[in-house]
Protein chains: 2
Amino acid sequence: MKKIFEPKTIAIVGASSLKGKIGNILMRNLQQNNALKLYPVNIKRPRVMGIKAYPSVTDIKNKVDIAIIAVPAMFVEKIVTECAHCKYPIQNIIIISAGFSEIGEEGKEREEKIIQLANKYKLNIIGPNCLGVVNTHYGLNASFAKHDVPRGSIGLIAQSGALTTALFDLLKEHGLGFSLVATLGNKANVDENDFIEFFASDPETKIIALYLEDITDGKRFAGIINKISRKKPIVIIKAGSSKKARLAIQSHTGAMAGNAEIVQEAVKDNGGIICNNLPDFVGVLKLLNGFKRPLNKDTVFITNAGGPGVIATDLAENQENVSLYTFSEKEKDALKKCLPAESSVENPVDVLGDAMEDRYKNVFRKCAEFKKIGSVCVIVTPQAQTPISRIADEISAANRKYHIPFVPIVIGGEAYRQATSVLNKHGYSSFIFPYQAIRSLSKCIEYVNGIRKSKKVFAKELPVKSSALMEKLEKEQRSVLLYGEACSIGREYKLDVLSAKIVNSEDDVKKISGGFPLVAKVDSPDILHKNAKDGLSLNILNSKELVKEFNRLKKLFKNDQVIIQKQVEQGLELIIGIKKDSVFGHVLLLGLGGVLTEAFNVKCLWLLPASQKEIIEKIKSSPLAKIIRKKKISISRIAKEAEKVGRIVQKHAYIDELDVNPIMMYPDKEPVIVDLKIIVDIKGLSPN
Amino acid sequence: MKKIFEPKTIAIVGASSLKGKIGNILMRNLQQNNALKLYPVNIKRPRVMGIKAYPSVTDIKNKVDIAIIAVPAMFVEKIVTECAHCKYPIQNIIIISAGFSEIGEEGKEREEKIIQLANKYKLNIIGPNCLGVVNTHYGLNASFAKHDVPRGSIGLIAQSGALTTALFDLLKEHGLGFSLVATLGNKANVDENDFIEFFASDPETKIIALYLEDITDGKRFAGIINKISRKKPIVIIKAGSSKKARLAIQSHTGAMAGNAEIVQEAVKDNGGIICNNLPDFVGVLKLLNGFKRPLNKDTVFITNAGGPGVIATDLAENQENVSLYTFSEKEKDALKKCLPAESSVENPVDVLGDAMEDRYKNVFRKCAEFKKIGSVCVIVTPQAQTPISRIADEISAANRKYHIPFVPIVIGGEAYRQATSVLNKHGYSSFIFPYQAIRSLSKCIEYVNGIRKSKKVFAKELPVKSSALMEKLEKEQRSVLLYGEACSIGREYKLDVLSAKIVNSEDDVKKISGGFPLVAKVDSPDILHKNAKDGLSLNILNSKELVKEFNRLKKLFKNDQVIIQKQVEQGLELIIGIKKDSVFGHVLLLGLGGVLTEAFNVKCLWLLPASQKEIIEKIKSSPLAKIIRKKKISISRIAKEAEKVGRIVQKHAYIDELDVNPIMMYPDKEPVIVDLKIIVDIKGLSPN
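Residues numbered from 1 in each chain as written. Chains lettered and ligands numbered in written order. Predicted model: local features only at pLDDT ≥ 70, side-chain atom pairs only at ≥ 80, totals over all residues. Heavy atoms only, no water.

## Concerning the pattern of salt bridges
Any two side chains of opposite charge can pair, on the condition that their charged atoms come close.
Inference 1: A complete count under the given rule lists 70 salt bridges over all chains for this structure.
Inference 2: The shortest N-O distance in the salt bridge between A:Arg478 and A:Glu476 comes to 2.7 Å.
Inference 3: Owing to a relative accessible area of 41%, A:Glu476 belongs among the partly exposed residues under this scheme.
Inference 4: Ionic pairing is found between B:Asp214 and B:Lys187, a salt bridge with its closest N-O pair at 2.8 Å. With B:Asp214 in the loop between β12 (207-212) and α7 (218-228) and B:Lys187 in the loop between β11 (178-183) and α6 (192-201), this residue pair connects regions lying 27 residues apart in the sequence.
Inference 5: On the accessibility criterion, B:Asp214 (37% relative accessible area) is partly exposed.
Inference 6: Among the residues examined, B:Lys187 registers a relative accessible area of 11% and is labelled buried.
Inference 7: One salt-bridge network, in which partners are shared between bridges, spans A:Asp191, A:Asp194, A:Glu197, A:Arg220 and A:Lys227. (Salt bridge = Lys/Arg side-chain N within 4 Å of Asp/Glu carboxyl O. Buried < 20%, exposed > 50% of the residue type's maximum accessible area, 1.4 Å probe, protein only. Helix = DSSP H or I, 4+ residues; strand = E, 2+ residues; numbered from the N terminus.)

## Considerations on the domain arrangement of chain A
Inference 1: Per the domain assignment, the segments making up chain A are domain 1 (2-240), domain 2 (296-451), domain 3 (499-567) and domain 4 (572-685).
Inference 2: Computed over C-alpha atoms only, the centres of domain 3 of chain A and domain 4 of chain A are separated by 26 Å. (Domains from an automatic or database assignment.)

## Section: the relation of the copies chain B and chain A
Inference 1: Each copy superposes on the other: chain B lies on chain A with an RMSD of 0.1 Å after a rotation of 180° and an axial shift of 0.0 Å. Given the turn and translation reported, the copies of this chain are related as if by a two-fold rotation axis. Within chain B, B:Phe600 has its C-alpha nearest the rotation axis, a separation of 4.5 Å.
Inference 2: By residue overlap, the copies meet face to face through one surface: 100% of the interface positions of chain B are interface positions in chain A. (Least-squares fit on C-alpha atoms with pLDDT ≥ 70 in both. Contact = heavy atoms within 4.5 Å.)

## Remarks on the interface of chain B and chain A
Inference 1: On the side of chain A, 61 residues touch chain B, which itself brings 61 residues to the contact.
Inference 2: The tally of links between chain B and chain A comes to two salt bridges.
Inference 3: A salt bridge links A:Glu173 to B:Arg417, with the nearest nitrogen and oxygen atoms 2.2 Å apart.
Inference 4: At the boundary of chain B with chain A, the tally comes to 15 residue pairs in polar contact (both at pLDDT 80 or more).
Inference 5: Breaking the side of chain B that touches chain A down by element, the ones donating at least two residues are α5 (161-173), β13 (234-238), α10 (278-288), α11 (306-317), α15 (414-425), α16 (434-452), α21 (597-600) and α23 (624-630) of chain B.
Inference 6: Per-element tally for the side of chain B that touches chain A: the top contributor is α11(B), with eight residues.
Inference 7: Of the residues that constitute the side of chain B that touches chain A, the class distribution is 31 nonpolar, 15 polar and 15 charged. (Polar contact = N/O pair within 3.5 Å; in protein donor to acceptor, adjacent residues only side chain to side chain. Nonpolar A, V, L, I, M, F, W, Y, C, P; charged D, E, K, R; others polar.)

## What about helix α9 (residues 259-269) of chain A?
Inference 1: Here α9(A) has its buried residues at A:Asn259, A:Ile262, A:Val263, A:Glu265, A:Ala266 and A:Val267.
Inference 2: Just beyond α9(A), the residue with positive phi is A:Gly271, at close to 90°.

## What about the packing of aromatic side chains?
Inference 1: Applying the stated criterion across every chain yields a total of 26 aromatic pairs over all chains.
Inference 2: Look at A:Phe5 and A:Phe198: their rings are 5.3 Å apart centre to centre, the planes differ by 10°, and that puts the pair in the stacked class. In this pair, A:Phe5 is assigned in helix α1 (residues 2-5) and A:Phe198 in helix α6 (residues 192-201), connecting sequence segments 193 residues apart. Across the pair, exposure class does not vary: A:Phe5 and A:Phe198 are buried alike.
Inference 3: An aromatic cluster of at least three residues, connected via ring pairs, comprises A:Phe5, A:Phe195, A:Phe198 and A:Phe199.
Inference 4: Above the face of the A:Tyr666 ring, A:Lys669 is positioned so that its terminal group lies 4.6 Å from the ring centre.
Inference 5: The residue whose ring lies beneath B:Lys521 is B:Tyr483, and the NZ or CZ to ring-centre distance is 5.4 Å. (Phe/Tyr/Trp six-rings, centres within 6.5 Å; stacked < 30°, edge-to-face > 60°. Lys NZ or Arg CZ within 6 Å of the ring centre and 35° of its normal.)

## Regarding the sheet that holds strand β10 (residues 151-158) of chain A
All names here are of chain A.
Inference 1: A sheet is described by the order of its strands in space; here seven strands give the open sequence β9-β8-β11-β10-β12-β13-β14, paired in mixed fashion. Edge positions in the sheet fall to β9 (140-143) and β14 (273-275), since each has one partner strand and no second. Between one strand and the next, the sheet's axes are offset by a mean angle of 20°, whatever the strand orientation.
Inference 2: Running at roughly 150° to strand β13 (residues 234-238), helix α7 (residues 218-228) makes contact with β12 (207-212) and β13 of the sheet. (Pairing = 2+ DSSP bridges. Axes fitted to C-alpha atoms, helices over the stretch in contact; angles between N-to-C directions.)

Listed below in C-alpha cells is the structure:
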C-alpha cells in the first residue's frame, strides 16, 4: 500500500489533453509534482500534455508503481489483464471508471471479472467508481478532484467522491487539512479496513476520518478500531441505515437491534468516535486537530456576555459527557483577584462586556493552574470594544502553553471570521455556536474515556457444526424451534427456562389437577408473537377454565400443539436476545420486556462475545439501570444471565435470532425464563 | 409605544462628546437620522457634538417623545422624577444605565423606586440595564450597539444586550435583517408581552424573534402567542432552566414537570416556535425569512451527490415532523423525462455530479407541479463542473415562482459563500449542512401544523376562596392533605378514589376479616413517597399478616395513622398530576405511573385549563400512546379522567401540587385511583 500513496511511476490509462475530461484533470493534478514519472496511456495519441504517451500499458517497459484507469467501463477488464501481463506487472490499480456494480446486473458482472483478475494476479484494486487517492505531504494528487486539497493531518477514507470534494472545500475554511485521502468506490478488493491499517502507520496522519455507507467486514472493522483508536482517533460518519435489512425480521430482538445502532455500538465500544451528522463530524475533527484532549468531563465556560453563558450552561447540563466544573472557594478567590468586582466567578466565568484580551488571558492561566478542570470553552461576543483578534491570539497561546483545550466560540459573522483567521494561523479552529462546540466536545470526552477502558478481547468464532437438530430442521424446512427444542438448548447453558407440558387432547388437559394458576400457549413454528395472535391464555385458575382455553386455542390453531406452564409471579420483565447481523455477526441485546419492549426501545447492545464485565459496565451507564435499581434487582445477576445467553451462539452459530422474553427478575429469588424463542438459519429455507 | 419606536424628539441624558462613552455612541447612532430632533442633556457642557445641550431635562421646554438615560445608576431616580416634572412630561424612558436589580440588594432597591415612579406618573420605562431600541425602517438606532443593524423584517426582543449585538453581526452574514429591536434589560415596567403586541402591529415586522431568560407573566404570554402566531410567526429561544425552582418540590408531578418543559409546551401549544439552541434559532429565522411556508411534512430532496443524499435521508427519517415524499409512478415518469437515464428518480432525486443549472431547474418545475409535496431541499456540492452561482439563481427563481419552499443546502466553504451571496441578493439564505436545514424545516412544519389547529380558549381563573379545610390546614401549619381529605376533594369531581379505612389499634385491625388481599399504608403529612420509606405493605393475604404489617408500620411511624385499602388488580399504572408553576400557573401532567414514573420521564403537559379534546390530541401524538394502545386502553377514557383532575384547581386554586399516582387503567373496566396526594400553598408555612 505504500506504493499506492508514495509512487514514483504512474501510468494513466485514458490520459487526455482535452480540457474537462477526467483523464485530463488527472494528468494536471499529477503534474503538480515534478518528481513523479508519468506514463500517459492513450490508444490514439503519441503525446499527452507534452509527455510521451503509450498505446497500451504493455508498451511501458519500465517498472510502474500504480496504474490509474479512467476509460469507459467496458474496456477496464482488458486493461487490468494487460497490467498483470506487463514486463513488470503493475500490481496497484486505481479504477476511476464508473459503470460497475453501482449500475445493476451488467455492471456487477463486470466487477466480478475484475475481482477474479485481482485474485488471480494478486492485484490491489482501488475502486472502481472512485475519485482516486491523495497524499498531500508526498505531493500526490491521484484524483480527479478539481479542488486543491488542503494539507494537514487528517487521513480521510470516503465512500463518496462528491462528499470528498465538498469536504476539501469545507474543511479548508475551518483551517483543517488532509494528509492522505482514499476514496473507496465500490471496494472491489481494497476496503476501509485496509486503508485504516495503512493510515495508522503513516506518521503525517494524526486523525483518521471515515465516511461510510456500508462496512465490508464488521468483525475486522471492530478489531482494527479497537487496536488503532488508542493511538489515533478514528472518527466515523456512517450513512444509510438500511431498511431492507429489517424486512425478514421475526423476533423482538431483530426489530429492536437496528443496523445503525449496531454500527454505533461496535464503534463506540472499541474506542472509535461515531457521528450521525456532518456538523458533528466537522466539529470533532476541529477539536481533534491541534487542540489538546479534554482531561475529563468537567468543563469551564468563560464568557464576555451573560446570555450566551446561560445558553451554554443549559446545553452543557443536557449533554451526556459534559458537566460544569465547580470552582472551590480557594479557586474562586484566585479568580476574583484577576477580575473586576462585578464579574461572576461561578461557572460560567463572566469577564464582562468590556473585557480586553488581558482579562481572558489571566483567567486562562488560572484555569490551567486548577488541576481538575477537563477543558475550557471560551465564548467571545463582539461588543463595543472587544479586541477579537487579540483575544484570538491569547486563546491560541493558551492552547499552545497549557495541558487542556481552550475551545473558542465566537458568536458573530465578521467577528467569527476575524477570530478564525487568527486561530487558523496558529493551527486551531473555532466555533460559531456553543451548541456545536459542546456537542463535539462531548464526543471527544467520550473518546478519551473510551480508550481508557480495558481493551476488548476478540474471541475466535467456532465453526458451525451440524447437529441432529439442524438436520431435522432442514428436513422439515423449518427455521423456528419448538419450545421444547429451544428449552433444551437453553438448559445446556444452565438457563432456568420454565418447563412446559405438551397437551394433545382434552383428556391430557383434564389430568392436570394442580399448580394453578396456569398458562396455556400455542407452540408453533408459525406463531412468533403469541400474544398478538391470541395464542396465549394467562392466569387460568382451575381445570374447567383450562379445558375451555385449551379448546379455544385448538380451534384457533388447528395444526399446532398447546403447552401448559405455571403462571409465574410478576417481577421485572426483561428481554435478552440475540440477532445475527449481516456485517457484525451475533449481537446481544438486553431491554425491557413485556408490553414495554418495543414501545420504549430502551436497550443495551453488545457485539458477541461479550464478557460479564462488559455487560455490567454498559447496563450501569444505560437508562435501564435506573429501573433495575428501583426494583432492587442486582445488575450483576442480570449480566450473568445475559452472558450465558450470549454464549449460546458460540456453539450454536447457526442461530439467526433468539428471544428470551420475558425473563422475570426478582430482588430476592432466582430469575425465571418464561419464554424462549429460537430461529435458525437454514440454507434454502425462506422463513415465512 | 409607537412614540418609542417612531419618536420625533429625543432627550439623551448623559450625552457626551467623548469617544468610547456610551453617551457618545448613543449620540452617533441617533445622529444617523437627520430628521430626529435631539436634546443632549449634560450637566457640564453647553454643547455636545455640535448640538445645544441642556443641564437638565426640565430645561427642555418642548415636547419630548423619549428620554434615554445613560448616567450612573445613582442619578437615575432623580432624572426619572424630572422627566415626570417637565413642562411637557416625558412619558417614555429608556434606561441604559446598569447597576440595578442585576447587582443585588442595593440595586434592587433603586429599581423598586423607579418602578414606583413609573406607576405614580404612568411612565413607560424600558430597561434599566438594556442596550436600547432600534427601528431600522424609521432610521432610529436608539442603542449603544457599535454594529450596523442590518435592515430586514425580523422584530427582535432580547433579554441580553451582548447577544443582541452578536446577532446583528451574525444574521447580517446570513442575509437576514431587523425591522424593530427591543432589549428588555431588567424589565422594570415594560416586558416582552408589551413588545410582542406592538411588533404584531408593525407592518415592517414579519417575524417576531425573542431571546428570553425569564418570562414575566406566563398566562398573558401564552395568550398573546396564541393570538399573534397565526398572523406572524413567533420564534423563541429561552435560556436558563431554573434549578432553584426545583428545590421545594414534594411530588412526582413537581419533579417531572420542569420549568423549561412547561415553557416549551406553553409556546408550542399556542402556535409559537421554541428553539433550544442558537443554530436552530438562526436556522428557523432563515427559513421564515423570504421562503414560502412548507405545505406539509412530505419533503423532496434533490442532490447532485449520492453521499449527502443518503445523509439527508437518514436525518429526515429521524426527524419528527419531516418525512420523505414518495413519488407516484406517474411522477417518476415525468421526472425521468427531464433527467439522464442514470439519475435516480426515487427520493432523493439524484441529478448526478455533472448537473448544470438547467437540470436542477427542470426538477424544480416538476416538483412544483406535483401538488402534494410540502417542501424541497436542494443539495448542491461543488463538483468538477458545478455552476454554483447559476444554480443559486435557479433556486432563487423557484422560490419566487412556486408555492413551496426550495431550501438550498450547499456543502462547502467557498462554494457555500458563493451561493449565499447570490441567494442573499434575492432575499434567501442557505444552509451548509443538511442537518441544520432539516431541523429548522421540522420546526417550521410544526409551526404550520400548530397554527392550523383550533384556537385554545383561555378561561378566566377563579379567585381563591377560603374554605374550612384551608383554615384547618393553616391552623395546623400543614401543607400536605391526609388521604381522607384529598379523597373528598377528588370525589367532588367524580374521581373514583379507592376508599380507605383508618385503623388506630390492633383491635381495629383484627375486626377486618374479609376482602383480602389488602394493602396497608401510612397516612401522614410528612411521608410523601410512601414506597421509598417503607410506609407501604402490598398484597396482604390474611388477618395475621395484616396485624403484623400494621404493627410494623406503627413502629416505624409512631405519630401517624395507618390506612387499609383493597389491593387492586394490576392494570396500566398512570400518573395524573398538577403543579403550580410560578410563571404559567397550574399545569396538568400525564405520565407512566409506578416504578417507571421518573425513570423514563415520558409524559404530556398542558397549561390549565385544558379541554378533553386538547388532552386527547396531545396523548395521541406522544410516546405514551403506543403503550396505552398496546394495553388496549381507551385514550379518551384517560383524557376524561385527566380533564376531571385538571378541573380541581379551578375551584381549589390554592393547590400547589397534586399526584393521582397511580390511577389504574384497564381495557375492560372503570379506572381506579389508588392514591391521591395533595399539597397546598399556605402562606407562612414552609413545607418540609
